[in-house]
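Overview (structure and organization)
Each chain, letter by letter, is given below.
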Amino acid sequence: METTSRPDPDQLLAQVQREEGQRSRGRLKIFFGASPGVGKTFSMLAAASALKREGVDVVAGYVEPHDRPETRGQMEGLPALPVRTVTYRDRVINEFDLDAALQRRATLTLVDELAHTNAAGSRHAKRWQDVEEMLAAGLDVWSTLNVQHLESLNDVVARITGVRVRETLPDHVFEQAAEVEVIDLPPEELLARLTAGRVYLPEQAHKATQSFFRKGNLIALRELALRAMAERVDSDVRDWRGLHSGNPVWPVRERVLVALGPDEEGEALVRTGKRLATRLHAPWEVLYVETPRLQRLPEAHREKLLRCLSLAESLGARTTTLPGHEIGNTLLAHARSGNVTRLVLGRHRSRNRWPWQRSLLDTLAAEAPDIELFVASGTGTTEKKPEVSSLSRGLEFLEITPRQHRRYVWAALITLFITLLAWPLSTLIAPVNLVMLYLAGTVVVSLRLGTGPSALSALLSVALFDFFYVKPYFTFAVADTEYVFTFMVMLGVGLVLSRLAGQVRAQARIAVQRERRAQELYALSQELAIGMEVNYIGEVAVRHLSSLFDAEAVLLLPTLDDRIQWPDGKPLPTSLKHADKGVAQWVYDHEQAAGLGTQTLPGTDAHYLPLKASLRTRGVLAIRPRDKRLILAPEQHRLLETFASQIAIALERVHFADIAQSTELRMREESLRNSLLAAISHDVRTPLAGIIGASSSLLTQQHSAQATQELLSSIHDEAIAMNAMASNLLDMARLQSGPVQLKREWQPVDEIIGSALAALERRLTQHPVHLHIASGLPLIQIDSVLMERVLVNLLENAVKYTAPGTAIHISADAMPEHLRLVVEDEGPGLPAPGALLFGKFVRGEKESPTTGVGLGLALCHAIVEAHGGKISADERGARGGARFTILLPRGEPPAAPEEP
C-alpha cells in the first residue's frame, strides 16, 4: 500500500512530447452526435457566428445545409470559401477546396462532415485527411461527426441498424481532437423533427423512419455516442491523474473511519466512532466492505447491517459500502484516499483464516503505520450462536443450495468424462502425466461453474485418479507413497483454482453492477443537464428510477405556500399514483427521510426522500420498489441518494434559470422604459417648444415677409424632426413585435440613394454630398421604403454630428456575394470603443444641438438584418470621421424581358 508523490516519468515524457508536437498544430473541435438531424451543423454554425460577432476571423470552408432552413439561416453573415467542383460520371460534385483554405488562413475554418469520402481525383481520399493537413499547417478547424462513422463501431452499428456505413474514419482522429462537444437530442424529438420535414424531405423521412431511424435504433446509437464520449472523458481523467499523482496522506485534520463488519457488535462500534469523532471535532465515516463471502450472509445479518448503517446516518456519519475481495486492502485504500487519521475496528475473529495468515488487525498495523488504530471492546456481552457442524461448514464453502444442484452434477459428469478420456491414454503415458488432464478439467469447471463445483471436481479428480490409475487398481489403497504427494498437489491446485474462480466471478458480477449504476447515473445527469422544465425533469427521474430500482416513483413538488402536490396538480401516467402526500409533507417540512426502511412511519410501502439542494429542499421523491432490498441495501441506498441529489440540483437550476430570465426581462423593460421617457421628455419637448414659440410669434406680432418665411420654415423643420422621431419609434415597435413581412422588389440601388437624398434635400444644403457609385451594379431585392429609411437615418446621423461645410461620401460597389453601401462623414468619429452604437436609445457622446431619441442606428440595424444583411461602423482612419458599411445579399435577379 505504498504511495508516492512523484508523477509517472513515462507519462510526463509523453505529455511533454505531445505538447511539443501540438504547439505548431491547429486545434480540432468535433461536434459529435448519435445520428443525422440532431443539430451538429446548426450548433457548429451558431457557435461560429458568436465568435464572428466577437471579431474572430471565421470562414465556412464547406458546410452542407441539407436544404434545412434553420441551417441556411445560421450561415448568413459567415464568409464562405468557394467550393471546388468535380465532374464525376456526368455529375458535378461540390467538394471542399483545401488549397483555398490553406491560402485564406482564417483563424477558424468550418469543415462539415469529417468522415466524408472525397470525389475521385482529389488530393486526399477522405475529408479528415484534408483536415489533418490544415491542422499540420497550424489552422484551427471545427467539424461534425456521427457515432456510426467511427471505425471501431462500424460492425456494432451495422448489427443494430442493419445498415453498413461505408464512410468511416480512424478512431485516433476522434481521440486526438482537442475538444469534442456532444450534440444530444432525445429520440422522440428527433423523430418529431423528421416527421415535420426538418431533416429530410417528407418522402425520404417516411422511408427513414422505417429503416435507420427506428426509435430502437436511435436509442442504441445515442447510447453508443454517450459511451464513446464517456470513454474519451475517462481517458482524459486517467491522463491527468498520471501527471498529478497523489501525495501521501497528510494529517492536516482529524478524520475518523469506522470499519463495520458482520462479526462485531455493529451498533456499539458505531456509537464508539461517534464519541471519538465528537471528542476530536472531526468528520467521520462508517465503511462496510462487502466481500463475496459476505454477500452470502443470511438475510438476518444483512438486516442487522442495514440497521447499523441507518444508525450511523442518524448520528451524522457518512456511510459507504464498497465491494472488495480483501477487506484489509479495500479498507486501507479507502482510508488513504480520504486522508483518514484514525481507524476504529471491532474485535474481528475470522474462522476461515489459515493458521499462517495474518489477522485483519495485524495486517492494518503492518501496512498502515501512519494511521492510528482503535479497537473497540463492544458491549461486553456475547451473543450465543448456534453450533455449526463440520458438514454444514463444508456445504457453506461449496455453496450447495437446492437451486445449484445442477452445477454440481455437471462438475461430477465432467470429471467422469476426463476419467473416460484418460482410459485409452493410460497405456501410452505415465500415470503422473494423467494428472494434467484432471487439472484441465478442474480449470474448465472453475471458469464455467464456480467455486463450489470446482472444489467438488478437485476432490473427485483425486479420488478417481487414485481408484482407476494408481496401483493397486480399483481400490483407494496406495502402494507407492509418492502418490500421496501427487494427491496433495492435485487437491491443492484444484482448491486454489476454485477460490480464484469464485473471486473472478464475484468481481465480474460486481463490475457489471457498478457499470450499470454508472451508466444510469451518467444517463440521468446528461438528460437532467439539458432539462429546462420541471415536468421534463420529473419524467426523466421517474423513468430512470423505475428502470434501475424496479420500482414506481414520483416527484412531489411544493407550491408557493410550501404545500406538497403532484406536478401540475396530477400524477404522471408512469409515476407512483398512491403516494401519501401527508408523509411527503412531513418529509419536506423536516428534511428527513421517512417511510419504508426508516425509523419514521416504517409501515408505509414507499420510501420518501427529501430533494435537498444547496439552498433549500426542492421537493420529495417517493419510490415504492417491488423488492425492498433494491433500495435498502447499502450500495443501492447510496445510489438512490445520489439520484435524489442530482434531481434536486436540476430542479434548483431550473428554478434559478426561471428567476434569472424573468429578472433580466424586467430589467430590460425597466431600462427601455426609462430610456424612452428620458428621450421623449427632452428631445420631443425641444422641437415642440420651437414650434410653439414660432407660432406664437406669428399670431401675436407683425413680421416682414422674410421673417415670416423664416418662422414658417422653423415650424416646418421642427415638425419634420418630430415626424421622423415618431416614425422611428413606430418602425422599431413594428420590427420588434415579430417577423416583418418585407415587400421585396428588385430595385437599382442608385434610385434608393436618390430617393434618400431628395428626402433630405433641405437638411443637406450645408453638406456637399459626393457619390461614388460603380457602374453596372446589379439589381437588389429589397423593401425600397425601409431601405430608404436606413439611408435617411445614416445621412441624418452624419448631419447631426458633423460641422456645417463638411462633406458626406456615399459609395456603392458589388462584391462576389454582397452589394456594399458605404456612408462616410468628416466629423469627430465614433464614440469610445465598446459603445453600443446599434442599441436602442443610444446616442453619441459628442455634443450636438440636434435632437433625437437614439433610435436611428438601432432601426438601421434591425432593417438590414431583416433583409439578411449586415451593418457595421468604424473609423475612417487618419482622415477622420465615421464610416457605416452595409452588406446586402445579392441573389439572382430575374432575366430581363425580351424586346418585341
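Residues numbered from 1 in each chain as written. Predicted model: local features only at pLDDT ≥ 70, side-chain atom pairs only at ≥ 80, totals over all residues. Heavy atoms only, no water.

**Observations regarding the overall build of the protein**
Along its length, the protein carries 27 helices and 24 strands. Relative to its full complement of 900 residues, the protein shows a buried share of 41%. For the protein, the proportion of contacts with a sequence separation of at least 24, taken over those separated by at least 6, is 70%. (Helix = DSSP H or I, 4+ residues; strand = E, 2+ residues; numbered from the N terminus. Buried < 20%, exposed > 50% of the residue type's maximum accessible area, 1.4 Å probe, protein only. Contact = heavy atoms within 4.5 Å.)

**Concerning the nonpolar core**
Soluble globular proteins tend to pack their nonpolar side chains together in the buried interior. If you look at the biggest cluster of nonpolar residues, it comprises 56 residues, and the most contacted ones within it are Ile 30, Phe 32, Leu 110 and Leu 150. With 6 residues, the single largest contributor to this core is helix 10 (residues 215–243). Leaving out residues up to four positions away in the same chain, Phe 32 has contacts with Lys 40, Leu 145, Asn 146, Val 147, Leu 150, Phe 174, Val 180, Glu 181, Val 182, Ile 183, Ala 225 and Ala 228. The next biggest cluster of nonpolar side chains, apart from the first, holds 37 residues, and it includes Met 787, Ile 810, Val 823 and Val 864. (Core = buried A, V, L, I, M, F, W, Y, C linked by side-chain atoms within 4.5 Å.)

**So, a nonpolar patch on the surface**
Together, Val 409, Trp 410, Leu 413 and Leu 416 make up a nonpolar patch on the protein surface, roughly 400 Å² of accessible area in all. Structurally, Leu 413 can be placed in helix 16 (residues 405–422). Looking at Leu 413, the relative accessible area reads 44%, which means it is partly exposed. (Patch = residues over 30% accessible without salt bridge, like charges linked within 9 Å, V, L, I, M, F, W, Y side chains within 5 Å. Areas by Shrake-Rupley, 256 points an atom, 1.4 Å probe, with all protein chains shown as cover. Salt bridge = Lys/Arg side-chain N within 4 Å of Asp/Glu carboxyl O.)

**Considerations on helix 27 (residues 856–866)**
Taken as a whole, helix 27 has its buried residues at Leu 857, Ala 858, Leu 859, Cys 860, Ala 862, Ile 863 and Val 864. Taken from the residues just after helix 27, Gly 868 is the one with a positive phi, measuring 80°.

**What about helix 5 (residues 127–136)?**
For helix 5, the complete set of buried residues consists of Arg 127, Trp 128, Asp 130, Val 131, Met 134 and Leu 135. In an axial view of helix 5, the angular spread of the buried residues amounts to 150°, which keeps them on one side of the axis. Trailing helix 5 by a residue or two, Gly 138 shows a phi angle of about 85°, which is positive. (Arc of directions from axis to C-beta.)

**Brief notes about the pattern of salt bridges**
In a structure, side chains of opposite charge can pair up when their charged atoms sit close to one another. Considering all chains together, one arrives at 25 salt bridges under this definition. Its salt-bridge partner being Glu 132, residue Arg 25 comes within 3.4 Å of it at the nearest N-O pair. One end of the pair, Arg 25, is in the loop between helix 1 (9–22) and strand 1 (28–33); the other, Glu 132, is in helix 5, with 107 residues separating them in the sequence. Across the pair Arg 618 and Glu 652 runs a salt bridge, and its minimum N-O distance is 3.1 Å. With Arg 618 in strand 17 (residues 617–625) and Glu 652 in helix 23 (residues 634–700), this residue pair connects regions lying 34 residues apart in the sequence.

**Thoughts on the pairing of strand 23 (residues 870–875)**
Bridging between strand 23 and strand 24 (residues 882–889) involves 6 bridges; their strand directions are antiparallel. Its bridge partner lying in strand 24, Lys 870 is registered against Leu 887. Linking strand 23 back to strand 24 in an antiparallel pair, the connection comprises 6 residues, with Gly 877 at a positive phi of about 100°. (Pairing = 2+ DSSP bridges.)

**Focus: the pairing of strand 17**
The buried fraction of strand 17 is high, at 8 of 9 residues. Two strands pair when backbone bridges link them, and strand 13 (residues 551–558) and strand 17 are joined in this way by 6 bridges, in the antiparallel orientation. Bridge assignment links Ala 551 to a residue of strand 17, and that residue is Pro 625. Here 5 bridges tie strand 16 (residues 607–612) to strand 17, and the two strands are oriented antiparallel to one another. Residue pairing across strands places His 607 opposite Ile 623, the latter belonging to strand 17. Counting the residues in the hairpin turn of strand 16 and strand 17 gives 4 residues.

**Examining the sheet that holds strand 16**
Whether parallel or antiparallel, the strands of a sheet pair through hydrogen bonds between backbone atoms. If you trace the 5 strands from one edge of the open sheet to the other, you get 14-13-17-16-15, paired in antiparallel fashion. Each edge of the open sheet is held by one strand with a lone partner, namely strand 14 (564–565) and strand 15 (594–595). In the packing of helix 20 (residues 534–549) onto the sheet, the strands contacted are strand 13 and strand 17, and the crossing angle to strand 13 comes to about 155°. (Axes fitted to C-alpha atoms, helices over the stretch in contact; angles between N-to-C directions.)

**Considerations on the sheet that holds strand 2 (residues 58–62)**
Taking strand neighbours across the sheet as the criterion, the 5 strands line up as 2-5-6-1-7 in an open arrangement whose pairing is parallel. If you trace the sheet from one side to the other, it starts and ends with strand 2 and strand 7 (179–183), each paired once. For this sheet the average axis-to-axis angle between neighbouring strands, irrespective of direction, equals 25°. As paired elements, strand 1 and strand 7 share 5 bridges and run parallel to each other. Opposite Lys 29, over in strand 7, you have Glu 179 as the bridge partner. Sitting on the sheet, helix 2 (residues 40–53) touches strand 1, strand 2, strand 5 (108–111), strand 6 (140–146) and strand 7, and the angle it makes with strand 6 is about 160°.

**Observations regarding unusual backbone geometry**
Phi is positive for Glu 113, close to 55°, though the residue is something other than glycine. Looking at the element boundaries, Glu 113 is found in the loop between strand 5 and helix 5. Located in the positive-phi region is Leu 601, a residue other than glycine, with phi close to 50°. Topologically, Leu 601 is positioned in the loop between strand 15 and strand 16.

**Digging into the packing of aromatic side chains**
On inspection of all chains with the given rule, the structure shows 5 aromatic pairs. Aromatic pair Tyr 438 and Phe 465: ring centres 6.1 Å apart, planes at 75°, arrangement edge-to-face. Of this pair, Tyr 438 sits in helix 17 (residues 435–449) while Phe 465 sits in helix 18 (residues 451–469), placing them 27 residues apart in sequence. The class of Tyr 438 is buried, set by a relative accessible area of 1%. The class for Phe 465 is buried, based on a relative accessible area of 0%. Ring geometry for Phe 549 versus Phe 643: centroids 6.0 Å apart, planes at 85°, classification edge-to-face. Linking Phe 549 in helix 20 with Phe 643 in helix 23, this pair joins segments that are 94 residues apart in sequence. Take Phe 643: its relative accessible area is 0%, and that puts it in the buried class. Between Lys 29 and the ring centre of Trp 142, over which it is positioned, the NZ or CZ distance is 4.8 Å. (Phe/Tyr/Trp six-rings, centres within 6.5 Å; stacked < 30°, edge-to-face > 60°. Lys NZ or Arg CZ within 6 Å of the ring centre and 35° of its normal.)

**Points about the side chain of Asp 97**
Within the secondary structure, Asp 97 sits in the loop between strand 4 (91–95) and helix 4 (98–104). Despite its burial, Asp 97 pairs with no opposite charge, the nearest such side chain being Arg 84 at 4.9 Å. In this structure the side chain of Asp 97 is engaged in a polar contact, spanning 3.4 Å, whose partner is the backbone nitrogen of Asp 99. Once residues within four sequence positions are removed from consideration, Asp 97 is found in contact with Pro 82 and Arg 84. (Lys, Arg positive; Asp, Glu negative; His and termini not counted. Polar contact = N/O pair within 3.5 Å; in protein donor to acceptor, adjacent residues only side chain to side chain.)

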